[in-house]
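Take a look at the letters that make up each chain.
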Amino acid sequence: MQKQHADQDQRKILSLAHFISGGANETDALSAARARHWLDEAGAPTPEGLDLVAAVSTQTDTRSAFRNLF
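What counts and what doesn't
Starting afresh in each chain, residues are numbered from 1 along the sequence in its written order. Local features are withheld for residues below a pLDDT of 70 in this predicted model, meaning they are given only at 70 or higher, and side-chain atom pairs are given and counted only at 80 or more; totals for whole chains, interfaces and linings count all residues. Water and hydrogen atoms play no part in the side-chain values, which are based on all heavy atoms of the structure. Only DSSP runs of H or I with at least four residues qualify as helices, and only runs of E with at least two residues qualify as strands; both kinds are numbered from the N terminus onward. Only protein chains enter the accessibility calculation, which uses a 1.4 Å probe; a residue whose area is less than 20% of its type maximum is buried, one above 50% is exposed, and one in between is partly exposed. Here, expected helix span is obtained from the residue count minus one, scaled by 1.5 Å. Throughout, the arc means the angular range of directions from the helix axis out to the C-beta atoms. Angles shown run from 0 to 180 degrees and are taken between the N-to-C directions of axes, each axis being a line fitted to C-alpha atoms and, for helices, limited to the stretch in contact. If an angle is under 35 degrees, it is roughly parallel; if it is over 145, roughly antiparallel; if it lies from 65 to 115, roughly perpendicular; otherwise it is oblique. Whether two residues touch is decided by their heavy atoms; if any such pair falls within 4.5 Å, the residues are in contact. Under the scheme applied, nonpolar residues are Ala, Val, Leu, Ile, Met, Phe, Trp, Tyr, Cys and Pro; charged residues are Asp, Glu, Lys and Arg; polar residues are all the others, including Gly.

Asks: How should I be thinking about unusual backbone geometry in this particular structure?
Replies: Leaving glycine out, the prevailing phi sign among residues is negative, and the prevailing peptide bond configuration is trans. A positive phi angle is found at H37, which is not glycine, with a value near 65 degrees. Among the structural elements, H37 can be located in the loop between α2 (26-35) and α3 (47-57). A relative accessible area of 51% means that H37 is categorised as exposed.

Rendered as structure tokens:
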């Protein structure tokens, strides 16, 4: 179950990285997430990445563009 949760968090982080990268391909989104320290070198969510997921997931007043990512 923990692996599944980590995989979901990784997908959410990559979705946001893809969005803010202007629709970059998957490799560019992964690089962007790593550069921002949201994912580690193995692609696992970092504490910063988990904070990002929590912050964006719980916002009811965020722009719909961000809410719809998660």
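Asks: Whenever I open this one, helix α1 (residues 2-20) confuses me. Can you help?
Replies: For α1, which comprises 19 residues, the first-to-last C-alpha distance of 27 Å matches the rise-based estimate of 27 Å (1.5 Å per residue) to within 8%. If you check which residues of α1 are buried, you get D9, I13, L14, L16 and A17. Down the axis, α1 shows its buried residues gathered within 160 degrees of arc, on one side only. Looking one or two places after α1, you find G22, whose phi comes out positive at around 75 degrees.

Asks: Any chance you could explain the packing of α1 against α3 here in plain terms?
Replies: The geometry of a pair of packed helices is captured by two quantities: the angle between their axes and the separation between those axes. The interhelical angle for the contact between α1 and α3, taken along N-to-C directions, is 75 degrees, at an axis separation of 10 Å. Between α1 and α3, the angle is such that the two are roughly perpendicular. Across from D9, K12, I13 and L16 in α1, the residues of α3 making contact are G49, L50, L52, V53 and S57. Class assignment for the residues of the contact of α1 with α3 results in 5 nonpolar, 2 polar and 2 charged.

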